[in-house]
2 protein chains.
Amino acid sequence: MDKNEIEERMHALLQACSDAGARLTPQRIEIFREVVESEEHPDAEMIYQRVRERLATVSLDTVYRTLWWLAGLGLVATVGPAKESTRFDANLTRHHHFVCVRCGLTRDFYSRDLDNLELPASVAAIGSIERTQVEVKGICHACAERQKSEVPASQGEPGQA
Amino acid sequence: MDKNEIEERMHALLQACSDAGARLTPQRIEIFREVVESEEHPDAEMIYQRVRERLATVSLDTVYRTLWWLAGLGLVATVGPAKESTRFDANLTRHHHFVCVRCGLTRDFYSRDLDNLELPASVAAIGSIERTQVEVKGICHACAERQKSEVPASQGEPGQA
DNA sequence: GTTTTTGCAAAGAATTTGCAGCTTT
DNA sequence: AAAGCTGCAAATTCTTTGCAAAAAC
């Protein structure tokens, strides 16, 4: 990723931070930088370790808080189903997943077309390919219904305590 | 899923169990059944609760043990990256993931084609779609290298303690 | 100066493990 | 009878939270 891109994203986060009326602390700034610069998708601990090198005075819980706060603003996403417990999949036939971002419901669906996707050459540069699966994130009908019957519109945070 | 399919899978697990020289206990049988019958992808707790209804004498740790044992034999898979801690993704541009099944390394890749996949109609029946992403599982080059330098061929379990 | 954040340490949740006793083969 | 399982309870690991002190606006 080029330096420009990084600065741009960094700027976006700082901007979002003040837009949200939150304070710009050195901890947050360093966490932002780490989040923006990392190419892999780090967990809280990794970010903590890296930030720590530059800012000895940071704690793991601040990293967690900041990360989830960013996630709440939609500025970072979490990889995989969610921050849930490990889910198991006994479907050994080729299939794809629909994951509800609200409740974590995971359902399979099938598609011949999706079974045989062409991947870009760049993937081979990362590693050898074993299995390819499409993951659709969305909101399941049950959660959509649940939403309808809730308060139509307040200014509080939406759903999912 | 039709009854035939279920019985077939059930049979496969029981067979694999005895092939592996493991014992057929009532707990395992009920856990197998739950795993095979579930349409969503349950976590250990869910399976525990359901098995419990039919077999009061089962414990959560037996469920865990059985599930991971099945996973070790490749008879069930885990959904998402792995049994790892939550990973964060600050890449807000449209992208796809390569995940190393050995070390959990997660890297982004890009493809216009994959950005606009056509999903089968069946997906809409599950819920509303927000985002679609391709997840490629494989082994990253670093892990492949690591493997080469290890004992070429024993009969012990491969890598990753 | 006020309000938000932080760090600490303790609380919680999820998952794993040692061990004695019970079951399966 | 022998070897493998199971359940319990304690240990780990990961993550969150309450609160007083410190920092940002």
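Scroll up to find the structure.
Here's what I pulled together on the structure shown here. Since this is a predicted model, take the numbers as computed values, not measurements. (Residues numbered from 1 in each chain as written. Chains lettered and ligands numbered in written order. Predicted model: local features only at pLDDT ≥ 70, side-chain atom pairs only at ≥ 80, totals over all residues. Heavy atoms only, no water.)

## Regarding the protein's contact with DNA strand D
For clarity, the threshold we go by: We define proximity as follows: a residue is near a molecule or strand when any one of its heavy atoms falls within 4 Å of that partner. For this analysis, a polar contact is any N or O atom pair within 3.5 Å, provided that within protein one partner can donate a hydrogen and the other can accept it, and provided that sequence-adjacent residues contribute only side-chain to side-chain pairs. Only Asp, Glu, Lys and Arg are considered charged, only Ala, Val, Leu, Ile, Met, Phe, Trp, Tyr, Cys and Pro nonpolar, and every remaining residue, Gly among them, polar.
Around DNA strand D, 22 residues are found, and the nearest of them are Y64 of chain A together with R23, Q27, T57 and T62 of chain B. Each atom of DNA strand D within 4 Å of the protein was classed as base or backbone; sugar and phosphate made up 67%. Within the side chain of T25 of chain B, a nitrogen or oxygen atom sits 2.9 Å from a phosphate oxygen of DNA strand D. V58 of chain B places a main-chain nitrogen or oxygen 3.2 Å from a phosphate oxygen of DNA strand D. Partitioned by chemical class, the residues of the surface near DNA strand D number six nonpolar, eight polar and eight charged.

## Description of the packing of aromatic side chains
Spelled out, the test is: Aromatic pairs are defined between Phe, Tyr and Trp rings, using the six-membered ring for Trp, whenever the two ring centres lie within 6.5 Å; interplanar angles under 30 degrees are classed as stacked, those over 60 as edge-to-face, and all others as tilted. Numbering of helices and strands starts at the N terminus; helices are DSSP runs of H or I of at least 4 residues and strands are runs of E of at least 2. We call a charge positioned above a ring when the Lys NZ or Arg CZ atom is no farther than 6 Å from the ring centre and deviates by at most 35 degrees from the ring normal.
In the structure shown here, the tally under the stated rule is two aromatic pairs over all chains. Their ring planes at 75° and their centres at 5.2 Å tell us that W68 of chain A and F88 of chain B sit as a pair that is edge-to-face. Highlighted residues: W68 of chain A in helix 4 (residues 60-72) and F88 of chain B in strand 2 (residues 88-89), drawn from two different chains. Across the ring face of W69 of chain A, the terminal group of R28 of chain A is positioned such that the distance to the ring centre comes to 5.0 Å.

## Things to note about the relation of the copies chain A and chain B
Selection criterion: Superposing copies: least-squares fit, C-alpha atoms only, residues required to have pLDDT of at least 70 in both. The contact rule is simple, with two residues in contact once any of their heavy atoms fall within 4.5 Å.
Least-squares fitting of chain A to chain B yields an RMSD of 0.1 Å, with the superposition described by an axial translation of 0.0 Å and a rotation of 180°. A rotation of that kind, with that shift, is consistent with a two-fold axis. Both copies present the same face, since 100% of the interface residues in chain A are matched by interface residues at the equivalent positions in chain B.

## What to know about the sheet that holds strand 3 (residues 96-100) of chain B
The test is simple: The criterion for strand pairing is that DSSP finds at least two bridges linking the strands in question. Fitted lines through C-alpha atoms give the axes, limited to the stretch in contact for helices. The angle between two N-to-C directions lies from 0 to 180 degrees.
Taken together, six strands build an open sheet; the order of strands is 4(A)-3(A)-5(A)-5(B)-3(B)-4(B) and the sheet is mixed. Each having just a single partner strand, strand 4 (106-109) of chain A together with strand 4 (106-109) of chain B make up the two edges of the open sheet. The sheet shows a mean angle of 30° between the axes of neighbouring strands, direction not considered. Bridging between strand 3 (residues 96-100) of chain A and strand 4 of chain A involves four bridges; their strand directions are antiparallel. Each residue of the ladder has a partner; that of H96 of chain A, found in strand 4 of chain A, is F109 of chain A.

## So, the interface of chain A and chain B
Note the threshold: By buried area we mean the combined loss of accessible area, with a 1.4 Å probe, across both parts when two parts are placed together.
Counting residues at the interface gives 64 residues for chain A and 64 residues for chain B. Approximately 5,700 Å² of surface area, both sides summed, lies buried where chain A meets chain B, with 61% of it carried by carbon and sulfur atoms. When residues of chain A are sorted by the area they lose upon contact with chain B, H41, F88 and I126 of chain A head the list and together hold 15% of the total. Counting the contacts that link chain A with chain B gives 31 residue pairs in polar contact (both at pLDDT 80 or more). The set of elements that each furnish at least two residues to the side of chain A that touches chain B consists of helix 3 (44-54), helix 4, strand 1 (77-78), strand 2 (88-89), strand 3, strand 4, helix 6 (121-124) and strand 5 (127-140) of chain A. If you tally residues by element for the side of chain A that touches chain B, the top one is strand 5 of chain A, at 14 residues. Partitioning the side of chain A that touches chain B into residue classes produces 32 nonpolar, 18 polar and 14 charged.

## Some thoughts on the protein's contact with DNA strand C
In the vicinity of DNA strand C, 22 residues are found, and the nearest of them are R23, T57, T62 and R65 of chain A together with Y64 of chain B. Sugar plus phosphate, as a fraction of atoms of DNA strand C within 4 Å of the protein: 62%. A distance of 3.0 Å is found between a phosphate oxygen of DNA strand C and a side-chain nitrogen or oxygen belonging to W68 of chain B. Among the secondary structure elements, those contributing two or more residues to the surface near DNA strand C are helix 2 (26-37) and helix 4 of chain A together with helix 4 (60-72) of chain B. Top element by residues in the surface near DNA strand C is helix 4 of chain B. It accounts for five residues. Residues that form the surface near DNA strand C fall into these classes: seven nonpolar, seven polar and eight charged.

## As for the packing of helix 3 of chain A against helix 4 of chain A
Residue and element names in this part refer to chain A. Condition: What sets the label is the angle itself: under 35 degrees gives roughly parallel, over 145 gives roughly antiparallel, 65 to 115 gives roughly perpendicular, and the rest give oblique. For any helix crossing, the convention is left-handed if the near helix is rotated counterclockwise from the far helix by under a right angle, and right-handed if that rotation is clockwise.
Following both chains from N to C, one finds helix 3 and helix 4 inclined at 120°, their axes separated by 9 Å at the closest point. Between helix 3 and helix 4, the crossing angle belongs to the class labelled oblique. Considering only the axes of helix 3 and helix 4, their crossing is right-handed. Here A44, E45, I47 and Y48 of helix 3 come into contact with helix 4, specifically with L60, V63, Y64 and L67. Residues belonging to the contact of helix 3 with helix 4 are distributed by class as follows: seven nonpolar, no polar and one charged.

## A look at helix 1 (residues 3-19) of chain A
All names here are of chain A. Going by this rule: Every helix has an expected span of 1.5 Å times one less than the residues it contains. When a residue's accessible area, from a 1.4 Å probe over protein chains only, is under 20% of the maximum for its type it is buried; when over 50% it is exposed; and in between it is partly exposed. The arc refers to the directions leading from the helix axis to the C-beta atoms.
With 17 residues, helix 1 extends 24 Å between its outermost C-alpha atoms, agreeing within 8% with the 24 Å of an ideal straight helix rising 1.5 Å per residue. Listed in full, the buried residues belonging to helix 1 are I6, R9, M10, L13, A16 and C17. The buried side chains of helix 1 occupy one side of the element, clustering within an arc of 125° when seen end-on. The outward face of helix 1, more than 90 degrees from its buried face, is lined by the exposed residues N4, E8 and D19.

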